[in-house]
Structures are given as structure tokens and as C-alpha cells.
Amino acid sequence: MKHSFLTKGKILLFLTLIFIAGCAANTTQQSSATSSPKKRKQLELIKQIEQKVHKEHLLAKAKASAQQYDYQKAITLLKKSSILKDEDIQNAIDTYEKQKKNLVTWPDNSKIPHLFFHSLIVDPSKAFDGDDMAQGYQDYMVTIAEFKNILNQLYEKGFVLVSIQDIAKLNKNGKMVYQNIKLPSNKKPLVLSQDDVSYYEYMKNDGFAKNLTLDANGNLTNTYLNRKGKVVQGAYDLVPILNHFVDKHPDFSYKGARGIISLTGYNGVLGYRTSESEYGPNSDKPNPNIKKDRQQAKKVADAMKQEGWEFASHTWGHLNAEKVSLDLLKKDTSKWKQEVEPIVGPTETIIFAFGSDIGDWREYSNNKYHYLKSQGFDYYANVDASKITWSQLGLNYFRQSRINVDGLRMRGALTGENEVLEHFFNVKLVFDSSRPNAKTLIH
């Protein structure tokens, strides 16, 4: 969401200036001796209002940083102010200095969990309608209701969203080193990601959003075709839903972090058919609006990055990186960089499709790793739901396992096959009653 720190202040200033301008116009016919003191009063009033608006803006901006544990940013902002000696500014600095001292460094960056989702189901009756796609949706997706319940429980348990780059970064010598994550003692870091945010062609008319877009105010939202056949905009998938949640609970985000969006390219990105090879003029199904779609997709991606979202490669063709040849991996990576990177920008993260990997538990050393590293990838993610956390700090990379939050994993939790999700939320309280066999599983 776009911040509106100055909205009320700007309106107040604008209305006051109009009033003063009107008063000034009425004084033009008066003598200069009479009008001069009035003008001075008017100018003084304008100055006071401007100072008040400026102070409110500073305090609001500092508060927004402090709410997300970036106390140093808040303090620095206020200390650079031209009204540093103001009592309210000084009180805010003192408050943030005290709160900063209460933060605790997270003790082990190797033990930070990573949950991931796919596209959220808007209308379960369409997704679970018994056709040949229904089982896949049951297995790999969660509904909007489930996701919202999960968010609430994660927040209640004290989880806070962090960027994967908050965990570890390359130093000036090219060595990957852990970073200090400072949180209150009752908070714990969590990485979140969403795969395949392309709104694939196969999902059409199955109860999913059509794309990610921007509303009239420039805020991230979704386009959705409702049951009445009407195209509407709203929070119909993970990105805008999470944005709304962080707006309401800013302390759920560490220094503005949101999540990682991992993208393929073969059906375009973010709901736009942007792939030259698949939708260009020489393809089998050309998109006459491909140029416009690319422009819109880039606007959306830029807005997402401003909100704290990050992007990752999911390989252009949703490849199993473990099984494909190095040559095919090279061709696929080149295609991703040609068709996806110009829209979302360069990324240092690759999230492997199918939960695969390019190596076992030992440190990377093979040709696939050396190639991907040469292409700028420093962060790698696979899938392992056998444990709450697993990661590896390599010499010059960071690898992290993710836990799939989906129908398969939740059913496994309900039948006692796997209890890993119970660390994050109560599956019985989350499982959507609209799911097939829900009554049997929840007893």
C-alpha cells in the first residue's frame, strides 16, 4: 500500500492557503498601512502550518520505520531534521533509542524457516468441481480463507517476515556471511515465498485471480472474474492480501520485508502474456497486446519491489534442475534472462521447480552450480518438509529449504503423517470446510 503520511496535513495546508488567499484578495483595496500587518500574520500562519505538517510527516515516517524494528533508520531521520530541538522530535528519539536497546540478536541464522504457497483459490466451488484439474488444486493450493487464517496464526505466534538477504549476504571479499537480525525477544524470523505467480492459462475459469495489477491509486490489487461474469478488482491473491495484513500489522515485517515471488516465463509473468517465444508475432498464438502487457507487467513489478517484494527465477520452463542436462539449464536460464528479467529486474535468487536441487546435502561444487553462480545467483532454495528448518551457508552462496503449505501437507498433518506445519499454525482451525472430505479429516 502507498503510504499517506501527509494526506491530512496536505489537505489542511491546501484549505488554509485557499482561505488566506481569499483574505488577501479582500485586502487589496485597503491601504498598505492596514494590509501590511495582515499579510505578515498570514505569512506567519502559513509558516506555522508548514512546520506542523513537516513535523507530522517526520514523526509518521519515523514511526513507520520503528514499527518494523528499524529504529536506527527512524532515529537517523529525526536527528537530521531541521527541527531537531522540537520537544516531540526529542521525545520520539528517546523512545526509539530505548526500544532499540531492547532488541535481541537472533541466535542462529541457520534455523530460520521458509514457508511457500502457490496461487490462492478464490472460489473453491470452481477449483474443486471434480474436473481433471481439481485434484491438483486440492493438492497444491490453499484457499484465501485458509491463507488469511494462517497469517493470523503466524502473527499470533510471533513470526516476523524477513528477506532471505537479511539472513546472509556476500561481503566485500565475495564471502557469504550471516547478518545480524535484531528483534524483540518474543519475535522470530520467517521467510515466505509464492511460486508460479503467472496465472497460467490452465487456471482460467477455475476460481483464481486473472492477474496482478494496479488500482486507480497505484496500489497493488488483482483482477478477478466473479460468478456474475463481472470483472472486479480486489485482494484475490497472496500479494495484496499480505500487503493489507502488513498495513494493519506493520510489526509482522522486518524493515519492510514481504516475500519472494518466484516466476517461470513460458506463460508470461504476473498474469500478462509477455513471452516473445510463446506469444510473439512469430509464435503459434501471438498476443497482439504483447508490448502493452510487458509495459503493464513492469509497472506492477516495480510497484511490488517498492513495497518490499523480491523476485526469483523458478526457471523459464519450470524445469527439474536436478534431472535436466547442463546444456538445457543454460538455454532455459538464458530465456529467463531474455524474457523475464527485463520485466522484474535482475535477481540473485533461484527457487528450484518441483522442489528439486542441483546437489545433495553437501556443499555445492558441480558444474550446474558453477554455471548458475556465474549468472549471478547467490541464493538457492529447494523443498524439504521433513523438518522445520534446514539451510546451508556455503563459501559464496546461501541455500535454504522451504516447507510447502498446501492441501497435501495439511492433509498429512490431519492424518498424523507429518506434523511440521503444527509449528506454525493449527491445521484443524485452518483447513477449509469447502474442501472435499473436510468433515472426515477434521474430527
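Residues numbered from 1 in each chain as written. Predicted model: local features only at pLDDT ≥ 70, side-chain atom pairs only at ≥ 80, totals over all residues. Heavy atoms only, no water.

> Hey, could you run me through helix 15 (residues 407-414) in this one?
Side chains three or four residues apart in an α-helix point the same way, a direct result of the helix having 3.6 residues per turn. Of all eight residues in helix 15, six are buried; the element is thus mostly enclosed. Every buried residue of helix 15 is accounted for by Gly407, Arg409, Met410, Gly412, Ala413 and Leu414. Residues of helix 15 that are buried in the fold lie against helix 6 (134-140), helix 7 (144-156), strand 16 (398-404), helix 16 (427-430) and helix 17 (438-441). Residue Asp406 occupies the N-cap position of helix 15, its side-chain oxygen lying 3.3 Å from the main-chain nitrogen of Leu408. Note on helix 15: the residue one or two positions beyond its end, Gly416, has a positive phi of about 85 degrees. (Buried < 20%, exposed > 50% of the residue type's maximum accessible area, 1.4 Å probe, protein only. Helix = DSSP H or I, 4+ residues; strand = E, 2+ residues; numbered from the N terminus. Contact = heavy atoms within 4.5 Å. Polar contact = N/O pair within 3.5 Å; in protein donor to acceptor, adjacent residues only side chain to side chain.)

> For this particular structure, what's the right way to read the packing of aromatic side chains?
Any two aromatic rings considered together are summarised by their centre-to-centre distance and by the angle between their planes. The tally for this structure, following the rule as stated, stands at 19 aromatic pairs. For the ring pair Tyr155 and Phe245, a centre distance of 5.8 Å and an interplane angle of 85 degrees mean the geometry is edge-to-face. Taken together, the residues span a long stretch of sequence, with Tyr155 in helix 7 and Phe245 in helix 9 (residues 238-248) at a distance of 90 residues. Arranged with centres 6.0 Å apart and planes meeting at 90 degrees, the rings of Tyr380 and Tyr397 form a pair that is edge-to-face. Separated by 17 residues along the polypeptide, Tyr380 in strand 14 (residues 379-383) and Tyr397 in the loop between strand 15 (391-393) and strand 16 bring together distant segments of the chain. For Tyr397, a relative accessible area of 1% corresponds to the buried category. Note that Arg399 overlies the ring of Tyr364, its terminal NZ or CZ placed 4.2 Å from the centroid. Positioned above the aromatic ring of Phe116, the side-chain terminus of Arg402 is 3.8 Å from the ring centre. (Phe/Tyr/Trp six-rings, centres within 6.5 Å; stacked < 30°, edge-to-face > 60°. Lys NZ or Arg CZ within 6 Å of the ring centre and 35° of its normal.)

> Please clarify how the pairing of strand 7 (residues 188-195) should be interpreted in this entry.
Summarising burial for strand 7: seven of the eight residues are buried, a large majority. Note: strand 2 (residues 114-117) against strand 7, four bridges, orientation parallel. Residue His114 lies in a different strand from strand 7, and its bridge partner there is Val191. Bridge count between strand 3 (residues 159-161) and strand 7: three bridges; the pairing is parallel. By the bridge assignment for strand 7, Phe159 is matched with Lys188. In this structure, strand 7 lies alongside strand 11 (residues 260-263), joined through three bridges in parallel fashion. Its bridge partner being in strand 11, Asp195 is matched across the sheet by Ser262. (Pairing = 2+ DSSP bridges.)

> Can you walk me through empty space enclosed by the protein in this structure?
Counted by the stated rule, this structure contains one cavity of 30 Å³ or more. Each pocket or cavity is described by its volume, and for the largest cavity that value is around 50 Å³. Around the largest cavity, the lining residues are Ser313, Thr315, Leu329, Asp332, Thr333, Trp336, Ile350, Leu372 and Phe377. (1 Å grid on protein atoms, 1.4 Å probe; cavity = no way out; pocket = protein on both sides within 12 Å on 5 of 7 lines; lining within 4 Å. Points joined across faces, edges and corners; volume = space filled by probe spheres on them.)

> Any chance you could explain helix 12 (residues 326-339) here in plain terms?
The end-to-end C-alpha distance of helix 12 is 20 Å, a good match for the 20 Å that 14 residues give at a rise of 1.5 Å each. When we look at burial in helix 12, the residues that qualify are Leu329, Asp332, Thr333, Trp336 and Glu339. Projected down its long axis, helix 12 carries its buried residues within an arc of 145 degrees, all on one side. Residues of helix 12 that are exposed and angled more than 90 degrees away from the buried face: Lys331 and Gln338. (Expected span 1.5 Å × (residues − 1). Arc of directions from axis to C-beta.)

> Is there a simple way to explain the sheet that holds strand 8 (residues 211-214) in this structure?
Across a sheet, paired strands are connected by hydrogen bonds in the backbone, their directions being either parallel or antiparallel. Read from one edge of the open sheet, three strands run 8-9-10, paired in antiparallel fashion. Where the open sheet ends on each side, the last strands, each with one partner, are strand 8 and strand 10 (231-234). With strand direction ignored, the average angle separating the axes of adjacent strands in the sheet is 40 degrees. Pairing analysis gives four bridges linking strand 9 (residues 220-225) to strand 10, with the strands arranged antiparallel. Note on strand 10: the bridge partner recorded for Thr223 is Gln233. Of the strands in this sheet, strand 8, strand 9 and strand 10 touch helix 9, which is tilted by about 135 degrees from strand 9. (Axes fitted to C-alpha atoms, helices over the stretch in contact; angles between N-to-C directions.)

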